[in-house]
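Commentary on secondary and tertiary structure
So you can see what is in the structure, the chains are spelled out below.
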Amino acid sequence: MRARGGWLLGLDIGTSSVKGLAITPDGAVLATASAEHPMHHPQPGHAENDPDDWLRGVAAVVARLIATDGVDATAVLGLAIVAQRDPWVLLDARGRVLAPAISWTDTRTGPEVADICARFGRPALIDRTGVLPIPGLGLPVLCHLARTAPDTLAAARLLLSPKDYVLHRLTGLVGTDVTTPSRSVMNDLRRDAWDDELCAAGGVSPSRLPPISWQPWQCVAQLPAAGAALLGLRRGVPVAAGGGDDQAATLGAGAFAVGDLCAGTGTSSDWRLVTSDETPDSEQARGDLARHIVPARLIFEVCIESTGSSLRWYRDALGGGADYAELIAEADAVEPGAGGLVALPFVSGAGRAPWFVEGASASFLGVVSGHRRPHFTRALLEGVAYQYPPTLDLVAPGRDPTRPIVLVDGETRSEAWNQLKADVTGIPIQTPEVAESAALGAAILAGQVAGCFASAADGVRALVRMRHTYEPDPARHARYGELRARYEGVVRAIATTYGTVDS
Amino acid sequence: VETLVGVDIGTSSVKALLVGCDGTPHAESAVDYPLARPRPGHAEQDPEDLVSSTVAAVRGLVDRAPAAAGRVRALAIVAQREPAVLVDRRGAPLGPAISWLDRRSAAVLDEVCTQVGRDRYHAITGLAPTVGSTFSSLAWLHRNAPDALEAAHRLAFAKDYVAERFTGDRGSDRSTGGRSGLLEIATCDWSAELCAAAGVDVALLPDNGSRPGDAVCRLGPDSARLLGLPADAIVARGGGDDPAAALGAGVIEPGTLCAGTGTASGWRIVSAEATPDPSLRTDLAPHVVGDLYIREAVISSTGSSLRWLAEEVAPDLASAARRAGRNPTADLAVLAASVPPGAGGVVFYPYLDGAAMPRFDADASGAFLGVRGGVTRAQLARAVFEGVAYQYPASVALMRGYGLEVEHLTLVGGEALSPFWNQLKADVLGLEVRVPRIASAAAAGAAMLAGLACGAYATPDDAIAALVAEAERYAPDPDAHVRYLELAAAYDAAGDALAGAYAALARSPA
């Protein structure tokens, strides 16, 4: 019946890999696949991708999916691509790629951010575009190119996002959807249009940018012959406009209604609240506001830096060859409070939520003889989790604490780690069955263009299932309340040391 | 030439030295034993480990230099002065000895000292009230485990517990009670008042009327067989480890200084006066020589930080080093030396057991700051070495405040075996570091006491002339010193800021 009923194809072009999912409209996962692409670092701080690696990655993932038993290539009902939104692909008049695409992880554009903020005012920029201007975003990268490679920028007749570049190669279309420009710092959030003044600051006129004309769930093409050949699929497959990766991950976590909250747990932790409020956080500048891939909804996204990156550093430097599962299992045997040891997990700083402190670095405090590796690990896990409650207060003040939070991505593989977060926050934590939440969000869009789902809500009901709910333990939650007060006292006390010893 | 044996029972190992009366070193051996840490903050030693490790260490000397061991004229044992063994009527221990590193008695000590009066305690003992002292741990036992104290027939200090196994003699000496918190410093008698405050009957304590270097008895056939030494060898009364180390470093003149390096780093000034330090920053204790005293100030957790680093941060290195028969610290030094000064911005505060000299903050605890992505284990290791060395300049300044002219620093103990470590300290201090030929100064001091007991030496000066050889010298590198001055200034400034964090950590419910 499934083969007869066909399947949906969701694709996600991420920072380090393309991920894909083949799923039936009633929610049975037929196959998942991924293909890594290289990040090039020609100089320290530089990070670039070959745009055609993304296209090759998409083709490789589709090839792997349809090579899986039970996946009939001819039975695909619809496809959608979602992607990172920040990089620009520069194309010449004949549609050829002019230069590598500068990644959002590239750190060279700090001076440009300062210039832009000085010129337009940071609050005004946030108010216009919704996004906090930081290095690696669209406009700072264009300003950098205008200064360092003006000829290349002048030769670019068309600038596309990664997703729109791949769509362009598959369908010949030139366009973008209302969610993808949300990290360009060149968009007008409320009008879903390019901002002429900001585009001019980047040295490009809106005529060289794709029109913002699509809704993510809209069918923009029937897959033509050339695209079908590239992907090994039949001609005529309905293709959705697609959208941003974080938006898709939010939908893939089942979050589409106002007040729904989910968080990605990768290198950093990104908290995403679904809202209908179009007012950016321009004065307090704590998070980004962008359109959701669901009608009339937006996402307020707040980032905690250094969560996954702190754990990775710890595992590599102090884990003695143990993997995350082994380290967390050891730590789970230690009582809450880690025997008095406190870790501030700021290996990449604490410039974002909830502390917004410049120049922070990680530290371990309260170390006494008798503290062993499990105490350190537990302190680090607790240090990450202690950042959740103040971040929650900031993202969704006054939210009903019985309403669950959905967590996605790597950290959710550990049951003990999920439970610890539930205990610290006092809020039920849910984890979905499908870990590739951005690809799953894309599959919901694919189902909408295939006519399987009348709405995103229908798609969520059919495809998003929760694997487990972690209920907070009241006694532990009370204990963590005391411990967290202590932790916050320590965070405040050592803030004055940043930039002294480690500069 | 006849020979002497000196034994030093430390916190983590027993060290034994076999040396000719003329100063020729024949053999050294060390046997590690575990410090049990059943809970964070607790630290205990099994009394049987002390005995068996002493036997093993002496037998190690015999194995290494059997001919010289056959000519042993005398033997002495010195030891850490805090741990006490409660024994029953038959001499069997009633439980583990609570180590001086143990911190469980902090609250009890506070309470008892308030009852006695801190000034009164200090005036009697010459000591600042210290968690982990015999006084403090006994007071804890009195309140939390009174059964052991009630069942006790008598109390033996670590060294006396071990020596009794070889001699049958239960006596102690003038210097061993020097850090117990139970001794009247002016008279060197036990204080009935403080014993009562701790909840221990003064009658449980040993007779301490004799002096280090007095002859106790001959070893006799059974003990001689056990240890592998001649039966007619004289067992000398030993003493406290730190005063013995001062003797072993040749420091017996009032106003002279040496620094020991063990689990903690004890700095010792010889004094002829039994006047307690009103600032409470130095402790006063009997020397092992004459009617002299030593003033002691301790940098806490120096060696224990390195040991902790080896066990918890680099256990693979530590076990590889042990398999190859090396001291893990030497391998850590190689690791630390592989990265430049400054440790990539990481700093370490070595207050794993609280901070004494130079910060004197009982609330302090250990900390790593400045960790960023990409920081390596080598940088963490270097930060630990540097963090210990950064305690030295302020400590020298403190010593100068007592009127001492410090123009170089004599270092003894295990750390002094590492050239990297000595050079780092010289560079941080900007002073020459000198190391005697026998770095195991406490064991050397014990051998000197043995030599005094058997008549090999007529006076302590004779013993020093025979055993303390010209030092190795490490001159500071001027460029490195300038760099470390900057780094240490930043380190101290952040250390000041950390005081607030220590208070926040200590106040709270962990």
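In case you missed it, the structure is sitting above this.
For clarity, every value in this text was computed on a predicted model and none was experimentally measured.

In this section: the overall build of chain A. Along the backbone of chain A there are 18 helices and 24 strands. In terms of C-alpha radius of gyration, chain A reaches 23 Å, essentially the compact-globule figure of 23 Å for 503 residues. With the C-alpha coordinates of chain A rotated into their principal frame, the extents come out at 70 × 60 × 45 Å. Of all 503 residues assigned to chain A, the portion counted as buried reaches 62%. Sequence separation of 24 or more characterises 74% of the internal contacts of chain A that already satisfy a separation of 6 or more. Seen as two clouds, the 44 positive and the 56 negative side-chain charges of chain A have centres 3 Å apart.

Along chain B, the regular secondary structure elements total 19 helices and 21 strands. If one aligns the C-alpha atoms of chain B with their principal axes, the spans along those axes are about 60 × 55 × 45 Å. Residue burial in chain B is summarised as follows: out of 510 residues, 61% are buried. Within the structure as shown, chain B displays about 17,900 Å² of accessible surface, and the carbon and sulfur contribution to it stands at 51%. Of the side chains in chain B, 43 bear a positive and 60 a negative charge, and the two mean positions are spaced by 4 Å.

Here the focus is the side chain of Glu-82 of chain B. Residues and elements named next belong to chain B. Its place among the elements puts Glu-82 in the loop between β5 (72-79) and β6 (84-87). The class for Glu-82 is buried, based on a relative accessible area of 10%. Looking at Glu-82, its side chain comes within polar contact range of the side chain of Arg-179, at 3.0 Å. With near-sequence residues (within four places) excluded, Glu-82 lies in contact with Trp-100, Gly-132, Ser-133, Thr-134, Phe-157 and Arg-179.

Moving on, we come to the sheet that holds strand β17 (residues 347-349) of chain B. Taken in spatial order, the four strands make up an open sheet running β20(A)-β21(A)-β18(B)-β17(B), and their pairing is antiparallel. Of all the strands in the sheet, the pair left with one neighbour each is β20 (342-344) of chain A together with β17 of chain B. When the angles between neighbouring strand axes are averaged without regard to direction, this sheet yields 10 degrees. Sheet topology places strand β21 (residues 362-367) of chain A next to strand β18 (residues 366-371) of chain B; four bridges connect them, and they run antiparallel. Residue Ala-362 of chain A lies in a different strand from β18 of chain B, and its bridge partner there is Val-371 of chain B. Against the sheet, helix α14 (residues 377-389) of chain B engages β17 and β18 of chain B, with an angle of about 50 degrees to β17 of chain B.

With that settled, the discussion passes to empty space enclosed by the protein. All names here are of chain B. Tallied over the entire structure, the rule returns twelve cavities of 30 Å³ or more. Of the voids in this model, the largest cavity is the one considered here, and its volume is about 120 Å³. When residues of the lining of the largest cavity are traced back to their parent elements, those giving at least two are α7 (158-167) and β12 (234-240). Here the lining of the largest cavity gets five residues from one element, more than from any other, and that element is α7. The residue makeup of the lining of the largest cavity, split by class, is five nonpolar, three polar and five charged.

Bringing the side chain of Asp-88 of chain B into the picture now. All names here are of chain B. With respect to the element layout, Asp-88 can be found in the loop between β6 and β7 (97-98). A polar contact of 3.0 Å, which involves the side chain of Asp-88, links it to the backbone nitrogen of Arg-90. The residues touching Asp-88, leaving out its near neighbours within four places in the chain, are Leu-94, Ala-151 and His-153.

Turning our attention to the state of the cysteines. Covalent bonding between the sulfur atoms of two cysteines is what defines a disulfide. Residue and element names in this part refer to chain B. Going through the model one piece at a time under the given rule, you end up with zero disulfides over all chains. This cysteine, Cys-188, is not joined by any disulfide, and Cys-195 carries the nearest cysteine sulfur, 15 Å off. Looking at Cys-188, the relative accessible area reads 9%, which means it is buried. Of all cysteine sulfurs, the one in Cys-113 lies closest to Cys-195, which takes part in no disulfide; the gap is 14 Å.

Let us look at helix α4 (residues 118-125) of chain B. An α-helical turn contains 3.6 residues, so a residue and the one three or four places further along point in the same direction. All names here are of chain B. Regarding α4, the residues found buried are Tyr-121, His-122, Ile-124 and Thr-125. Mapping the buried residues of α4 onto a view down its axis gives an arc of 165 degrees, with all of them on the same face. Buried residues along α4 sit against α3 (106-116), α5 (134-144), β9 (183-184), α8 (192-198) and β15 (283-286). Where α4 terminates, the next one or two residues include Gly-126, which has phi positive at roughly 80 degrees.

Okay, the interface of chain A and chain B next. Many descriptions give the size of an interface as the accessible area lost when the pieces come together. In this complex, chain A contributes 36 residues to the contact, which on the side of chain B involves 39 residues. A salt bridge links Arg-372 of chain A to Glu-312 of chain B; the shortest N-O distance between them is 2.7 Å. For the pair chain A and chain B, the interface holds 17 residue pairs in polar contact (both at pLDDT 80 or more). Counting residues per element, the ones that place at least two in the side of chain A that touches chain B are α11 (308-318), β21, α13 (373-385) and α18 (474-494) of chain A. Looking at the side of chain A that touches chain B element by element, the count peaks at seven residues for α18 of chain A. Looking at side-chain class alone, the side of chain A that touches chain B contains 17 nonpolar, 13 polar and six charged residues.

Before going further, it helps to examine the pairing of strand β5 (residues 76-83) of chain A. Residues and elements named next belong to chain A. For β5, the buried fraction is high: seven of the eight residues fall into the buried class. With seven bridges joining them, strand β1 (residues 7-13) and β5 adopt parallel strand pairing. In the sheet register, Leu-11 faces β5, and the bridge partner there is Ile-81. In this structure, β5 lies alongside strand β15 (residues 243-244), joined through two bridges in parallel fashion. Note on β15: the bridge partner recorded for Val-82 is Gly-243.

All names here are of chain B. Two numbers describe how helix α11 (residues 302-313) lies on helix α13 (residues 328-337): the axes approach to 10 Å, and their chain directions differ by 80 degrees. The orientation of α11 with respect to α13, classified from their angle, is roughly perpendicular. Here Leu-306, Leu-309 and Ala-310 of α11 lie close against α13, whose contacting residues are Pro-328, Thr-329 and Leu-332.

For the rest of this paragraph, the subject is the pairing of β12 of chain B. All names here are of chain B. Burial analysis of β12 places seven of its seven residues in the buried class, which makes it a mostly covered element. Pairing geometry for β5 and β12, over five bridges, is parallel. Bridging across to β12, Ala-76 finds its partner in Ala-236. Taken together, the three bridges between strand β11 (residues 215-218) and β12 define a ladder with antiparallel strand orientation. Its bridge partner being in β12, Ala-215 is matched across the sheet by Ala-236.

Of all hydrophobic cores here, the largest spans 135 residues; its most connected members are Trp-313 and Leu-365 of chain A together with Trp-267 and Tyr-349 of chain B. Considering each element in turn, this core owes the most residues, eleven residues, to helix α19 (residues 478-507) of chain B. Grouped together as the second largest cluster of nonpolar side chains are 40 residues, Ala-22, Leu-65, Trp-214 and Val-220 of chain A included.

Attention now moves to the environment of Arg-326 of chain B. Examined against the element boundaries, Arg-326 of chain B turns out to sit in the loop between α12 (315-323) and α13. The class for Arg-326 of chain B is partly exposed, based on a relative accessible area of 41%.

The rules we used
- Residues numbered from 1 in each chain as written.
- Chains lettered and ligands numbered in written order.
- Predicted model: local features only at pLDDT ≥ 70, side-chain atom pairs only at ≥ 80, totals over all residues.
- Heavy atoms only, no water.
- Helix = DSSP H or I, 4+ residues; strand = E, 2+ residues; numbered from the N terminus.
- Rg over C-alpha atoms; globule rule 2.2 N^0.38 Å.
- Buried < 20%, exposed > 50% of the residue type's maximum accessible area, 1.4 Å probe, protein only.
- Contact = heavy atoms within 4.5 Å.
- Lys, Arg positive; Asp, Glu negative; His and termini not counted.
- Charge placed at Lys NZ, Arg CZ, Asp CG, Glu CD.
- Areas by Shrake-Rupley, 256 points an atom, 1.4 Å probe, with all protein chains shown as cover.
- Polar contact = N/O pair within 3.5 Å; in protein donor to acceptor, adjacent residues only side chain to side chain.
- Pairing = 2+ DSSP bridges.
- Axes fitted to C-alpha atoms, helices over the stretch in contact; angles between N-to-C directions.
- 1 Å grid on protein atoms, 1.4 Å probe; cavity = no way out; pocket = protein on both sides within 12 Å on 5 of 7 lines; lining within 4 Å.
- Points joined across faces, edges and corners; volume = space filled by probe spheres on them.
- Nonpolar A, V, L, I, M, F, W, Y, C, P; charged D, E, K, R; others polar.
- Disulfide = S-S within 2.5 Å.
- Arc of directions from axis to C-beta.
- Salt bridge = Lys/Arg side-chain N within 4 Å of Asp/Glu carboxyl O.
- Parallel < 35°, antiparallel > 145°, perpendicular 65-115°, else oblique.
- Core = buried A, V, L, I, M, F, W, Y, C linked by side-chain atoms within 4.5 Å.

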